[in-house]
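# Results of the structural survey
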Amino acid sequence: MDMGFDKQTHILNACLQAGRILIENGSEMARVIDTMQRIAFNAGVKNAQMFVTVTGIVISIDNHPNAQVASIDHRTIDLDKVARVNELSRKFAQREIDLPELVRLLDRIDNETATFPFWIRFLAAAMLSAVLLIIFTHEYVDAPAGFVVGGIGFAIFYFLNHKFKVQFLSEFFASFIIGILAAIAVKIGLGVHFDNIIIGGIMPLVPGVPITNAVRDLVSGNLISGPARAFEALISAVAIAGGIVCVLNFI
Amino acid sequence: MILDNMIFQLIMAYIATICFGIILNIPHQAFNVAGLIGAGSWGIYLAMSHLGVGIAFGNLVAAFLISVASLYAAKYKKMPMMIFNIPSLVSFVPGGQSYQMVRNFAIGNTQTAWSFCAQVIVIAGALAMGFVLGELYHKFSLYFRTNFLRKI
């Protein structure tokens, strides 16, 4: 292959950047590998090897002395970024953008993708709690209490997670406070059933993305990421349950 | 009465799907389709449970339908499949049973807790199995299409 050393390094970096953004924002592994392979292939590298786990990526291409590594320190969930990287990879495959442009746009996705403002997420979490409370328990009396408790619980989780970046502790504290608020709501007469308010309130914290990704990773045969994600979901569930149990002891 | 309740439940599932989508920050072009998938699969699940189908098979069929519908939605909207199937699944999460399991373990009703634990495992397993079958459908349809095209 008569490709310059610098060009190869550029391709490696573009692949790593795309893979890092995908994993950091909650994509499943099959898509990460597929996207990186496509970028490498469309950039002219016919033989790229990669090893992808939830905490790091290793990639090497033929005739290039160095394998490149990217470590992934924190993971959040932002499916909009996943969709944008996907779209970018498709544009690159159709030759609508070239490699420097791809790297520039990937940087832009990483830093400038707009998320919903906090108050919309807050309202969505509150609404989700109230609606799921009605779906699960077929009772309407607790919906207002579920709305308030679920919204506040999600807000606490959101702020703790942004401040300290320890997801499991944030989930523990958020569910602990959800339990206390539910008890208060029953005491002051805003709600009737303590259990139902808690069921609604913890729903915005449920680790839906890790569970789904664990199943899809396991199905695609990725025996490192599948169990790792399942374990992540399990720890989240235990943290949420732990917070609730702490409150139940005082009721 | 049943129909009224059904329509109300469908609207609730639609709202729940969109709200979870906002929390996960899915692209706003996908809201309507994801909501429709969530509401449709919840409706089919409810209809099946009215007909007396058990929770395991009902959840399995619902998860399979979500998986297949998300696949076509992903093709149609040119977005990753997970944008549609993760929010749609939120109404099926065994939240009530998980909570009862934890509560009964905490207050010492181990017998009741284990029975809720079994329900949670059955539902979660059925949902996972439905997703696996959806992936299988995807592989079959790919295989069928390529083979079909090769013959003609």
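Fair warning: this is a prediction, and the values are worked out from it, not measured in the lab. (Residues numbered from 1 in each chain as written. Chains lettered and ligands numbered in written order. Predicted model: local features only at pLDDT ≥ 70, side-chain atom pairs only at ≥ 80, totals over all residues.)

Time to look at the overall build of chain B. From N to C terminus, chain B includes six helices and zero strands. When its helices and strands are written in sequence order, chain B yields α-α-α-α-α-α. With the C-alpha coordinates of chain B rotated into their principal frame, the extents come out at 65 × 35 × 30 Å. Split into buried and exposed, the 152 residues of chain B put 48% on the buried side. Residue pairs at least 24 apart in sequence account for 66% of intrachain contacts in chain B once pairs closer than 6 positions are excluded. (Helix = DSSP H or I, 4+ residues; strand = E, 2+ residues; numbered from the N terminus. Buried ≥ 20, exposed ≤ 12 C-beta atoms within 10 Å, placed from the backbone. Contact = placed C-beta atoms within 7 Å.)

Bringing the overall build of chain A into the picture now. Each helix and strand in chain A was counted, giving ten helices and three strands. Along chain A, helices and strands appear, N-terminal first, in the series α-α-β-β-β-α-α-α-α-α-α-α-α. Seen along its three principal axes, the alpha-carbon backbone of chain A occupies a region of about 75 × 30 × 30 Å. The 251 residues of chain A split such that 49% are buried.

Moving on, we come to the packing of helix 8 (residues 194–202) of chain A against helix 5 (residues 95–107) of chain B. Angle between the axes and distance between the axes are the two parameters that describe a pair of packed helices. Interaxial distance between helix 8 of chain A and helix 5 of chain B falls to 10 Å at its minimum, and their mutual angle equals 120 degrees. By the angle class used here, helix 8 of chain A and helix 5 of chain B are oblique. Considering how the two elements wind past one another, helix 8 of chain A and helix 5 of chain B form a crossing that is right-handed. Contacts between helix 8 of chain A and helix 5 of chain B involve Asp195, Ile198 and Ile199 of chain A from the former and Gly95, Gly96, Tyr99 and Arg103 of chain B from the latter. Its residues assigned to classes, the contact of helix 8 of chain A with helix 5 of chain B comprises three nonpolar, two polar and two charged. (Axes fitted to C-alpha atoms, helices over the stretch in contact; angles between N-to-C directions. Parallel < 35°, antiparallel > 145°, perpendicular 65-115°, else oblique. Left-handed = near helix turned anticlockwise from the far one by under 90°. Nonpolar A, V, L, I, M, F, W, Y, C, P; charged D, E, K, R; others polar.)

Before going further, it helps to examine the UniProt feature "domain: Threonine/serine exporter-like N-terminal" (unreviewed entry) in chain A. UniProt feature "domain: Threonine/serine exporter-like N-terminal" (unreviewed entry): in the numbering of this structure it lies at residues 14–250 of chain A. Segment residues 14–250 of chain A splits into 69% helix and 7% strand. End C-alpha atoms: 54 Å apart. (UniProt positions renumbered as here; feature names shortened; annotations may be inferred.)

Moving on: the domain arrangement of chain A. All names here are of chain A. Under the domain assignment used here, chain A contains domain 1 (5–112) and domain 2 (118–248). Of note, the centres of domain 1 and domain 2, computed from C-alpha atoms alone, are 32 Å apart. Listed per partner, the contact involves eight residues of domain 1 and eleven residues of domain 2. (Domains from an automatic or database assignment.)

Right, let's get into helix 5 (residues 118–137) of chain A. Residue and element names in this part refer to chain A. Taking 1.5 Å of rise per residue, 20 residues should cover 28 Å, and helix 5 covers 28 Å from first to last C-alpha, within 8% of that figure. Counting buried residues along helix 5, 15 of its 20 residues qualify, which places the element largely inside the surrounding structure. Of the residues trailing helix 5, His138 is marked for its positive phi of about 55 degrees. (Expected span 1.5 Å × (residues − 1).)

Each partner contributes residues to the interface: chain A has 39 residues there, and chain B has 34 residues. Of all the secondary-structure elements, those providing two or more residues to the side of chain A that touches chain B are helix 3 (79–93), helix 5, helix 8, helix 9 (208–219) and helix 10 (225–248) of chain A. Of the residues forming the side of chain A that touches chain B, the biggest block, twelve residues, is contributed by helix 5 of chain A. Taken together, the residues of the side of chain A that touches chain B sort by class into 27 nonpolar, six polar and six charged.

Turning our attention to the nonpolar core. One finds Cys15, Leu128 and Val131 of chain A together with Ala16 and Cys19 of chain B to be the most contacted residues of the largest nonpolar core, which totals 125 residues. Broken down by element, the residue count for this core peaks at twelve residues, all from helix 5 of chain A. Residues lining this core come from more than one domain, with at least three contributed by each of domain 1 (5–112) and domain 2 (118–248) of chain A. If we skip the residues at most four places from it in the chain, Ala16 of chain B touches Leu128, Val131, Leu132 and Ile135 of chain A together with Gly38, Val90 and Ser91 of chain B. (Core = buried A, V, L, I, M, F, W, Y, C linked by C-beta atoms within 7 Å.)

Here we take up the sheet that holds strand 3 (residues 68–71) of chain A. All names here are of chain A. The strand order across the open sheet formed by three strands is 1-2-3, and the pairing between neighbours is antiparallel. Looking at strand neighbours, the two that pair on one side only are strand 1 (48–53) and strand 3, the edges of this open sheet. The sheet shows a mean angle of 10 degrees between the axes of neighbouring strands, direction not considered. Contacts from helix 1 (residues 5–24) reach strand 1, strand 2 (56–61) and strand 3 within the one sheet, and its direction differs from that of strand 2 by about 155 degrees. On top of the sheet, helix 2 (residues 29–42) reaches strand 1 and strand 2; it is set at about 155 degrees to strand 1, its chief contact. (Pairing = 2+ DSSP bridges.)

Residue and element names in this part refer to chain A. UniProt records the feature "transmembrane region" (unreviewed entry) at residues 118–137, 143–160, 172–191 and 231–250, using the numbering of this structure. Within the segment residues 172–191, helix and strand shares are 85% and 0% respectively, and the terminal C-alpha atoms sit 23 Å apart. Helix makes up 90% of residues 231–250 and strand 0%. Its end C-alpha atoms lie 29 Å apart.

Residue and element names in this part refer to chain A. Its location among the elements puts Asp62 in the loop between strand 2 and strand 3. On the basis of neighbour count, Asp62 is assigned to the exposed category, with 12 C-beta atoms found within 10 Å. Placed 91 residues apart in sequence, Asp62 and Gly153 show a C-alpha to C-alpha distance of 51 Å.

The subject of this paragraph is the pairing of strand 1 of chain A. All names here are of chain A. Side chains Ala48, Met50 and Val52 project from strand 1 onto a buried face, and the interleaved Gln49, Phe51 and Thr53 project onto a face without burial. One ladder, built from six bridges, connects strand 1 with strand 2; its direction is antiparallel. Bridge assignment links Phe51 to a residue of strand 2, and that residue is Val58. Hairpin connection between strand 1 and strand 2: a loop of two residues separates the two successive antiparallel strands.

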